[in-house]
Amino acid sequence: MDSAVTEDVPDEQDEKIKQFHELGLDDRILKALAKLGWPEPTLIQEKTIPLILDGKDVLVRARTGSGKTGAFAIPLIQKILSNKQTQQYQQTTSLILTPSKELCKQIYNVFLSLTIKCSREVKYLDISPQVDLLAQKSLLAENPDIVIATPSRALQHLKAKNLNVKKTLETLIIDEADLIFSFGYEEEVKTLLTYLPTIYQAILASATLSEDVLSLKKLVLHNPAILKLEEPSLAPPTQLSHYTLAAEENDKAAILYALFKLHLIRGKCIIFVNTVDRCYKLKLFLEQFGIPTCVLNSELPASSRCRAVSQFNTGTYDIIIASDEKALEEPHVIKHKKGKRRKDKESGVARGIDFQFVSNVINFDFPLDINAYIHRAGRTARGKNQGTVLSFVAIRERFLLQDVEESLKKEYAQENLFKTYQFKLNEVEGFRYRARDAWKAVTRIAVREARLKEIKQQVLNCDKLKSYFEDNPRDLQSLRQDKALHTVKLQPHLQDVPEYIVPASLKSLAGIGRRKRKFNRDVASSSSAAKSKYQARISNPLIAMSLSKKKK
């Protein structure tokens, strides 16, 4: 294999970044970019787009949120539009592979936005949903320009001859390449490549240059240009703040309850735990206090996972609880027992999913290695938005924190990257008393029943079973009239926070004890501006706590 051309992309450049119109893009793409609100290409897009348009193989390494999807989607659409001028027949010329169904849907939505002005010319299809192959056969028979799939789903259609690209494929793109093998797709990829032509342009996009990526590079790339964005794995400290809070297992739930009810943490939050059962336990715990959440894990059907992400992004829920499945693969911390539960290997939570406008990431369970921490923290502070990571650290998790601190210290060349979140649990003893009883109420049986309830709901909403239930109404009736599931009993009084359990220093932040004042139109505008400024300050949890100290 020829030697690769490696180009390091500096984090800051002396010369001005090129604009999209300087990259030779079609006007229809430029109009879509303007509508999306993308003012200029990111660094990785500026370097990658010309290389792909020149037909070179490319390996793109850049952190999550740097614009990797746009870096390959924009030039791919441009190539298709250019080829349409001479192309006589509709053909499938591009195949995009990614490790999870959520990422397939995410990439599909990016193409949907970028082709809003040329949707008749550029056809694309996401075949990752696990429907019957025959249901997608007719759609593939229309030869869409771009097919988006997981490796296993693409291979199924190739073997069934529903998809035939042996003579037509021009571009192969593998997104999140470093996860392809770790998701168990190595054999599928190797077999899939036998169904492709010998010559095609290949692009790999990845957040890291791991051993798996290098192995995949040998399989699909020929004399590639390797673009590495010279930047830390996470957003800089000026954009992303890292906090730690010492908390044992019995206190974590009480602290989380107090933080939300006292409005010390504001904005959209992702709470990470290390197991699927912990997802439901924490959800049932918070629901007792009137804090609505949704859960995300690999045991949910793909449609449910996509719905949860969509509801979070659209604001239906401001809090999502996600299990990091990689934690279960660490034998030195958690002994993973083989169970009957079926996990979907085409699901990914900590990596890749496009959670939008996330203000805070809370590690309820501390991640088990530096990569897991980076992947979780990468969900916030995306683009130019500010973000916060707050990690609960028990005594048994301190060595994990030390490993993360050492790794990030070398990368950022900064001693005190992690700040201690000052939280005096003894000042919120009333919250701890309530939380202790609520946490105990969420038993294993309650968690199991909650999951059964969710499964039953999925069965009732399943499109595949609608015709069956129409023919067998008694079965549907028996499901609806099934015995009541013994989940946690909700007590309405727990949803309110009585004034006597709130520390005096925090009553103003929690909005308790304020006197009603008459509205003064003369000072309305000035007070509104001051309030906005104040709320912006306390959106950061550490600032909120420091403000409360000053009022003592």
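Provided above is the structure to which this section pertains.
Values in this document were obtained by computation on a predicted structure and should not be read as measured data.

Caption draft 1: Broad picture of helix α11 (residues 276–287). Taking 1.5 Å of rise per residue, twelve residues should cover 16 Å, and α11 covers 17 Å from first to last C-alpha, within 8% of that figure. Burial analysis of α11 places ten of its twelve residues in the buried class, which makes it a mostly covered element. Along α11, the residues that are buried comprise V276, R278, C279, Y280, K281, L282, K283, L284, F285 and L286. Residues of α11 that are buried in the fold lie against α10 (249–261), β10 (269–273), β11 (294–296), β12 (319–323), α15 (429–441) and α16 (444–461).

Caption draft 2: Highlighting the sheet that holds β10. Taken in spatial order, the seven strands of this open sheet run β11-β12-β10-β13-β14-β9-β15, and their pairing is parallel. The open sheet terminates on both sides in strands that have one partner only, identified here as β11 and β15 (418–420). Strand-to-strand twist of the sheet, defined as the mean angle between neighbouring strand axes without regard to direction, takes the value 25°. Pairing between strand β9 (residues 240–246) and β15: three bridges, direction parallel. Within β15, the residue paired with T244 across the bridge is T420. Across the sheet, α10 is in contact with β9, β10, β12, β13 (360–363) and β14 (387–393); its angle to β14 comes to roughly 150°.

Caption draft 3: Seen up close, the pairing of β10. The buried fraction of β10 is high, at five of five residues. Here β10 shows two buried faces, one formed by C269, I271 and V273 and the other by I270 and F272. Pairing of β10 with β12, which is carried by five bridges, proceeds in the parallel orientation. Paired with I271 across the strands is I321, a residue of β12. Summarising the sheet, β10 and β13 pair through four bridges and their orientation is parallel. Bridge pairing in β13 links F272 to N363.

Caption draft 4: Seen up close, the packing of aromatic side chains. Enumeration according to the criterion identifies 13 aromatic pairs in this entry. With a centroid separation of 5.3 Å and an interplanar angle of 70°, the aromatic rings of F285 and F289 are classed as edge-to-face. The two residues F285 and F289 agree in class, both being buried. Each residue in the set Y257, F285, F289, F364, F392, F431 and W439 is aromatic and connected to the rest through ring pairs, giving one cluster. The side chain of K252 reaches across the aromatic face of F364, ending 5.9 Å from its centre. Directly above the aromatic system of F312 lies the positively charged group of K268, at a separation of 5.2 Å from the ring centroid.

Caption draft 5: Layout of the pattern of salt bridges. Within this structure, the stated rule accounts for 15 salt bridges. One salt bridge connects R432 with D251, and the closest N-O pair in it is separated by 3.4 Å. Of this pair, R432 sits in helix α15 while D251 sits in helix α10, placing them 181 residues apart in sequence. Under the relative-accessibility criterion, D251 is labelled buried at 19%. For D277, the salt bridge goes to R451, with nearest N and O atoms at 2.5 Å. Of the two residues, D277 is situated in helix α11 and R451 in helix α16; the sequence distance between them amounts to 174 residues. Connected via shared salt-bridge partners are E249, K252, R278, D365 and E397.

Rules behind the numbers
- Sequence order as written defines the numbering, with residues in each chain counted from 1.
- Two thresholds apply to this predicted model, a pLDDT of at least 70 for residue-level local features and 80 or more for giving and counting side-chain atom pairs, whereas whole-chain, interface and lining totals are computed over all residues.
- Note: side-chain values were computed over all heavy atoms of the structure, leaving out hydrogens and water.
- Labels follow the DSSP assignment, with helices taken as runs of H or I lasting at least four residues and strands as runs of E lasting at least two, numbered in each case from the N terminus.
- Given a helix with a known number of residues, its expected span is that number minus one, times 1.5 Å.
- Here's how the labels work: a residue is buried when its accessible area is under 20% of the maximum for its type, exposed when over 50%, partly exposed in between, all with a 1.4 Å probe on protein chains only.
- What makes two residues a contact is simply this: any of their non-hydrogen atoms within 4.5 Å.
- Should DSSP find at least two bridges between two strands, the strands are regarded as paired.
- Structural elements are reduced to axes, namely lines fitted to C-alpha atoms, with helices fitted over the stretch in contact, and the angle between N-to-C directions of any two is expressed from 0 to 180 degrees.
- Note on ring pairs: Phe, Tyr and Trp rings are taken, using the six-membered ring of Trp, and paired if centres are within 6.5 Å. Classes follow the plane angle, with under 30 degrees stacked, over 60 edge-to-face and the rest tilted.
- Here, a charge over a ring means that NZ of Lys or CZ of Arg falls within 6 Å of the ring centre while also lying within 35 degrees of the ring normal.
- Salt-bridge detection follows one rule: a side-chain nitrogen of Lys or Arg within 4 Å of a carboxyl oxygen of Asp or Glu.

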